[in-house]
Amino acid sequence: MNGKAIIKFLVVVAVIIGTFAYCIEPLAGSLKQGLDLQGGTHIVLEAEDSATGKADNDAVERAKQILERRINEMGLSEPLVQREGARRIIIELPGVKDPDEAIKRIGKTAVLEFKNDQGQTVMTGDDLKDAKEELGQNKQPLVAIELSDEGAKKFADLTSKNIGRRIAITLDGQELTNPVVQQAITGGRATISGSQSLEEAKDLAILLRSGALPVKINVLEVRTVGPSLGQDSKDKSVVAFSAGIAMIMIFLVVLYRLSGIVANIALLVYVMLLLLVLGKGFSATMTLPGIAGIILSMGVAVDANILIFERFKEEVFSGKSMRVSMEAGFSRALATITDANVSVIITAGILTVLGSGPVKGFAISLGVGVVVSMFTAIIVSRFLLRMLIECNFTNHPFWFGANISPSTSADAFAPKVLKGGKRK
């Protein structure tokens, strides 16, 4: 046995296991939870024809995009906005327990109008370039607006013609502010007062930035998904995930012995990297389909290790040394692993582009899981197996998964050297 190699190997294993025990909970907590896990609000909206516009396919699609922009700017965790049929729009808001407040924020028509003192509309929200909430001189919540080039010209003309008079700024017919014009405003910037809090000013800014809905939207259904249902789904998912890992680890140890232990340690690295990429890299929201994608990618990770170990055994039986067999096993299995995983990645990519909601979540978690599994199988497993062989615990292929007698060493498969230097 190689004492230094053994110490080095055990230290690396201890570091991986310790890091896993320390980091697994924070990494798992970094994943935001979807509606099916943490509960939230499910809203069904329907567009209808009105005097302002007809609810055709183009108008409904634009309304969906505007609603999606409004919701995204609210900072909610992975909301779902999708169409259902010709005129309906489905919205799922994870973590939102007050549906009335949600509808109030996202369902406004948001028609912004600038009117002179005679009540005539001179400008609309179409002339708006940007809107942001801020605090005024007396910590009064305001919405600072920036107008487009055309809007700046209209606003300069409006204010120059109405010095000493009032101009009203209204949203959906309700007056937001009605200030007296002191001087012409030519910079293309202005502020809207009247908000009671900075949060209210933020909501107004979101509405103005996202633009006005092209058609009237009615609320058909509002359903609150309770946290108890989400907790039940989450508990079952945790049980399934834990059972899956346990069964995989037992299978690997029983079938491949020391190689299986190496694969299990690499599997811990795989779980940590996957949670890190999904949670920190993609800021993913975990749903039940997403968890299914992770569990499925775990199977893919194990499949890669199995291919490598089987190739490794074939090389040993051909008479090569343990180290050479290991290197050859990884090299020969690489092409098969790459072909198999690339086909899965392509499928996941297609589902990500064409799918939505749960399908997209499943595809992303599966695709990322497969990529991470390739790294851990090809790099981490190889690194650990090299260290294990350097330890020289045993020269018997049985302990690396070969179905032969534990007493048979790798030397038994080496070609016999005959007289004249020929090998048998």
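Residues numbered from 1 in each chain as written. Predicted model: local features only at pLDDT ≥ 70, side-chain atom pairs only at ≥ 80, totals over all residues. Heavy atoms only, no water.

- An unreviewed UniProt entry annotates the chain as Protein translocase subunit SecD of Veillonella rogosae.
- What the UniProt record of the chain gives under Sequence similarities (unreviewed entry) is the line "Belongs to the SecD/SecF family. SecD subfamily."
- In its Function (unreviewed entry) section, the UniProt entry covering the chain states "Part of the Sec protein translocase complex. Interacts with the SecYEG preprotein conducting channel. SecDF uses the proton motive force (PMF) to complete protein translocation after the ATP-dependent function of SecA." (UniProt positions renumbered as here; feature names shortened; annotations may be inferred.)

**Section: the overall build of the chain**
Piece 1. When helices and strands are tallied, the chain shows 10 helices and 13 strands.
Piece 2. Its C-alpha radius of gyration of 32 Å places the chain more than 25% over the 22 Å reference for a compact globule of 424 residues.
Piece 3. Along the three orthogonal principal directions, the C-alpha set of the chain runs to about 115 × 40 × 40 Å.
Piece 4. In the chain, once contacts between residues fewer than 6 apart in sequence are set aside, the share between residues at least 24 apart is 71%.
Piece 5. When the accessible surface of the chain is totalled, it reaches about 21,500 Å², and 57% of it is carbon and sulfur.
Piece 6. For the chain, the distance from the average position of its 46 positive side-chain charges to the average position of its 43 negative side-chain charges is 11 Å. (Helix = DSSP H or I, 4+ residues; strand = E, 2+ residues; numbered from the N terminus. Rg over C-alpha atoms; globule rule 2.2 N^0.38 Å. Contact = heavy atoms within 4.5 Å. Areas by Shrake-Rupley, 256 points an atom, 1.4 Å probe, with all protein chains shown as cover. Lys, Arg positive; Asp, Glu negative; His and termini not counted. Charge placed at Lys NZ, Arg CZ, Asp CG, Glu CD.)

**Overview of the nonpolar core**
Piece 1. Counting residues in each nonpolar core, the largest one holds 55 residues, and the members touching the most others are L278 and L385.
Piece 2. Put simply, the parts of the chain that give this core at least two residues each are helix 1 (3-29), helix 7 (227-281), helix 8 (288-317), helix 9 (322-354) and helix 10 (358-391).
Piece 3. The dominant element in this core, judged by the number of residues it contributes, is helix 7, at 17 residues.
Piece 4. When neighbours within four sequence positions are excluded, L278 is seen to be in contact with L31, S283, A284, M286, I294, S365 and V368. (Core = buried A, V, L, I, M, F, W, Y, C linked by side-chain atoms within 4.5 Å. Buried < 20%, exposed > 50% of the residue type's maximum accessible area, 1.4 Å probe, protein only.)

**Considerations on the sheet that holds strand 3 (residues 80-84)**
Piece 1. Sheet architecture is open: 4 strands sit in the order 3-4-2-12, paired in antiparallel fashion. Of all the strands in the sheet, just strand 3 and strand 12 (216-225) have a single pairing partner and so form its edges. Within the sheet, the average angular offset between the axes of one strand and its neighbour, ignoring direction, is 20°.
Piece 2. For strand 3 and strand 4 (residues 88-94), the ladder comprises 5 bridges, and the chain directions are antiparallel. (Pairing = 2+ DSSP bridges. Axes fitted to C-alpha atoms, helices over the stretch in contact; angles between N-to-C directions.)

**A closer look at the packing of helix 3 (residues 57-73) against helix 6 (residues 198-210)**
Any two packed helices are characterised by how steeply their axes cross, that is the angle between the axes, and by the distance between the axes.
Piece 1. Two numbers describe how helix 3 lies on helix 6: the axes approach to 9 Å, and their chain directions differ by 150°. Taken together, helix 3 and helix 6 sit at an angle that is classed as roughly antiparallel. For the element pair helix 3 and helix 6, the recorded crossing hand is right-handed. Contacts between helix 3 and helix 6 pair I66, R69, R70 and E73 from the former with K202, I206, L207, R209 and S210 from the latter.
Piece 2. Of the residues that constitute the contact of helix 3 with helix 6, the class distribution is 3 nonpolar, 1 polar and 5 charged. (Parallel < 35°, antiparallel > 145°, perpendicular 65-115°, else oblique. Left-handed = near helix turned anticlockwise from the far one by under 90°. Nonpolar A, V, L, I, M, F, W, Y, C, P; charged D, E, K, R; others polar.)

**Brief notes about helix 6**
Piece 1. Helix length check: helix 6, at 13 residues, gives a terminal C-alpha distance of 18 Å against a target of 18 Å (1.5 Å per residue), a fit within 8%.
Piece 2. Those residues of helix 6 that fall on the buried side of the exposure criterion are A201, D203, L204, A205, I206, L207, L208 and S210.
Piece 3. Just past helix 6, the residue G211 takes up positive phi, approximately 95°. (Expected span 1.5 Å × (residues − 1).)

**Thoughts on the packing of aromatic side chains**
Piece 1. Enumeration according to the criterion identifies 4 aromatic pairs in this entry.
Piece 2. Geometrically, the ring pair formed by F398 and W399 is edge-to-face, given 5.0 Å between the ring centres and 85° between the ring planes.
Piece 3. On the accessibility criterion, F398 (16% relative accessible area) is buried.
Piece 4. In this structure, R257 packs its charged tip against the face of F398, placed 4.0 Å from the ring centre. (Phe/Tyr/Trp six-rings, centres within 6.5 Å; stacked < 30°, edge-to-face > 60°. Lys NZ or Arg CZ within 6 Å of the ring centre and 35° of its normal.)

**Some points on the sheet that holds strand 7 (residues 128-135)**
Piece 1. Here 3 strands make up an open sheet; going across it, the order is 7-8-11 and the pairing antiparallel. The open sheet terminates on both sides in strands that have one partner only, identified here as strand 7 and strand 11 (189-192). Across the sheet, the mean angle from the axis of one strand to that of its neighbour is 25°, orientation sign disregarded.
Piece 2. Where strand 7 lies against strand 8 (residues 141-147), 7 bridges are found, and the strand directions are antiparallel. Each residue of the ladder has a partner; that of L128, found in strand 8, is L147.
Piece 3. Running at roughly 110° to strand 8, helix 5 (residues 149-161) makes contact with strand 8 and strand 11 of the sheet.

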